[in-house]
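Topology and contacts: notes
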Amino acid sequence: MTHDTQSGAVAPRRHTVVVGGGLAGVTSALALADAGVRVTLLEGRPRLGGLAFSFRRGDLTVDNGQHVYLRCCTAYRWFLDRIEGAALAPLQDRLDVPVLDLARPEGRRLGRLRRDALPVPLHLGRSLAAYPHLSLADRARVGRAALALKGLDLTDPALDTQDFGTWLAAHGQSARAVEALWDLVGVATLNAVASDASLALAAMVFKTGLLSDPGAADIGWARVPLGDLHDRLARKALDSAGVRTVLRTRVTSVSRTGERQWSVQVPGETLQADAVVLAVPQREAHGLLPAGALDAPERLLEIGTAPILNVHVVYDRKVLGRPFFTALGSPVQWVFDRTEASGLREGQYLAVSQSAAQDEIDAPVAVLRERYLPELERLLPPARGAEVKDFFVTRERTATFAPAPGVGRLRPGARTKAPGLCLAGAWTATGWPATMESAVRSGVSAADAVLGALGRPRPRHLFDFEEAA
Ligand SMILES: Cc1cc2nc3c(=O)[nH]c(=O)nc-3n(C[C@H](O)[C@H](O)[C@H](O)COP(=O)(O)OP(=O)(O)OC[C@H]3O[C@@H](n4cnc5c(N)ncnc54)[C@H](O)[C@@H]3O)c2cc1C
């Protein structure tokens, strides 16, 4: 491993070690390198990308779970631009979510959640007025609740003490409105049903996504495997920025050796650094934090986790004519066509993304097959005569932190009490639920904190994503 060199009057280039090569760590490393800091990025696994990655299954390239982002995710969009991947994960021109309801006596019925080019909140007005999955009275009450939500002050700490479900009920939302609208969006973005979600995080998502800018909720997703973005292109960007990336290298301890001097232990080697970013999950961060770095480190262990399950089905023919849809009256949540991204040459490959999957995360594949294949046939008539060429499941038991009421007070910021030691990760205090957006934001905040600790100027151009929408 290289160490700082000093020659004559030239100041040594400060060295920062970033631990963890998920989106938070990659972002920190890029932001610091762009600011002129020498960076070593250490990742325990053989690839970058953390929780958003791809793997091979025969001829297919499979994502561990379908990932989407919204136009309002300005930090993640900055990241995509920075790794030159934006064209590979484009946004819809305009929000358009097909919603198939199976629970109708007359059979399956399609509704759409779309937006117009009108100002907020009128941009959703026409779509809501025509939304067939809610009664007229429910539609009117949804509009009133949306306005009340818009009026909430996101900086009010009391919001995090309440659950979203109770708030919705208090604002006249029926069980049907919760199912057909609030949870439809909320479960996928928060990874929890309304009754399990902090009002602060739910309000953040709905205010930012649906009630800020007309285009804020337009959906984007990778048309290539996630690994092409978060591993291959990220690696390329890190290399060109001069970051030394070391894979398959797990950090076992981090200790302070002097005033702003850190020692990072990996098997067989010790790295010296002026600053360290711990961009690892909260439990790992707790294990690596030196004593005294946080006032209440045990709080990190109180942050719960929530699972996401993906069911993957390869058919011998095309059964779905749209890029994605979501379902009501069925256990199926969101279904994406991954044919092209996976490299499948014949037939169609669908990924069924199941958030807040506590009840089925440990279900055997055979049980999930019996549950989901008939449901897909009910939703997609062409699937009835199709042959299933492959069926498999990916399970992420700790996909996100649990966005439960009270979680806000458990999430630490980027700075710790130990000078030069910073935290990053979707679970840190970004105000966002556990998303790619939160991870990138946290990575930028940690880089910002490191620059502060090293006494280096904050480069204006690196941190302008908030205005980039
Ligand atoms: C199935 C699934 C679906 C999702 N869907 C969406 C979605 O649609 N939209 C969205 O925005 N978000 C989604 N998310 C959430 C999103 O993937 C995460 O919030 C984000 O990727 C977290 O990034 P991170 O860098 O904070 O953490 P991580 O990705 O957890 O990265 C931490 C890294 O640290 C490494 N590490 C840990 N310990 C050590 C150590 N001691 N030494 C070295 N390295 C170490 C790990 O190997 C890992 O690579 C989804 C997540 C999953 C799992």
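Predicted model only: the values in this text are computed from it and were never measured.

Side note on the overall build of the chain
A count of helices and strands for the chain gives 13 helices and 19 strands. Its C-alpha atoms give the chain a radius of gyration of 23 Å, within 12% of the compact-globule value 23 Å for 469 residues. Dimensions of the chain, computed from C-alpha atoms along their principal axes, come out at roughly 80 × 50 × 40 Å. By the burial criterion, 56% of the 469 residues in the chain qualify as buried. A fraction of 69% describes how many contacts in the chain between residues 6 or more apart in sequence connect residues 24 or more apart. Just so you have it, the chain exposes about 19,500 Å², and 51% of that area is on carbon and sulfur atoms.

Things to note about the packing of helix 2 (residues 74-82) against helix 8 (residues 226-241)
Each pair of packed helices can be summarised by the angle the axes make with each other and by the distance between the axes. At their nearest, the axes of helix 2 and helix 8 sit 9 Å apart, and the two run at 65° to each other. Here helix 2 lies roughly perpendicular to helix 8, going by the angle between them. Taken together, the residues of helix 8 that come into contact with helix 2 (itself represented by Y76, F79, L80 and R82) are L229, H230, A237 and A241. A per-class count over the contact of helix 2 with helix 8 returns six nonpolar, one polar and one charged.

A word on the side chain of S127
Within the secondary structure, S127 is located in helix 3 (residues 125-129). Owing to a relative accessible area of 11%, S127 belongs among the buried residues under this scheme. In this structure S127 touches R112, L113 and R114, once residues within four positions along its chain are discounted.

Focus on helix 8
With 16 residues, helix 8 extends 21 Å from end C-alpha to end C-alpha; this agrees with the ideal 22 Å at 1.5 Å per step. When the local axis directions of helix 8 are compared, the greatest deviation, roughly 30°, occurs at A234. All of the buried residues in helix 8 are L226, G227, L229, H230, L233, A234, A237 and L238. Positive backbone phi, approximately 90°, marks G242, located one or two places after helix 8.

Cut-offs applied
- Residues numbered from 1 in each chain as written.
- Predicted model: local features only at pLDDT ≥ 70, side-chain atom pairs only at ≥ 80, totals over all residues.
- Heavy atoms only, no water.
- Helix = DSSP H or I, 4+ residues; strand = E, 2+ residues; numbered from the N terminus.
- Rg over C-alpha atoms; globule rule 2.2 N^0.38 Å.
- Buried < 20%, exposed > 50% of the residue type's maximum accessible area, 1.4 Å probe, protein only.
- Contact = heavy atoms within 4.5 Å.
- Areas by Shrake-Rupley, 256 points an atom, 1.4 Å probe, with all protein chains shown as cover.
- Axes fitted to C-alpha atoms, helices over the stretch in contact; angles between N-to-C directions.
- Parallel < 35°, antiparallel > 145°, perpendicular 65-115°, else oblique.
- Nonpolar A, V, L, I, M, F, W, Y, C, P; charged D, E, K, R; others polar.
- Expected span 1.5 Å × (residues − 1).
- Bend = angle between axes of the 7 residues up to and from the residue.

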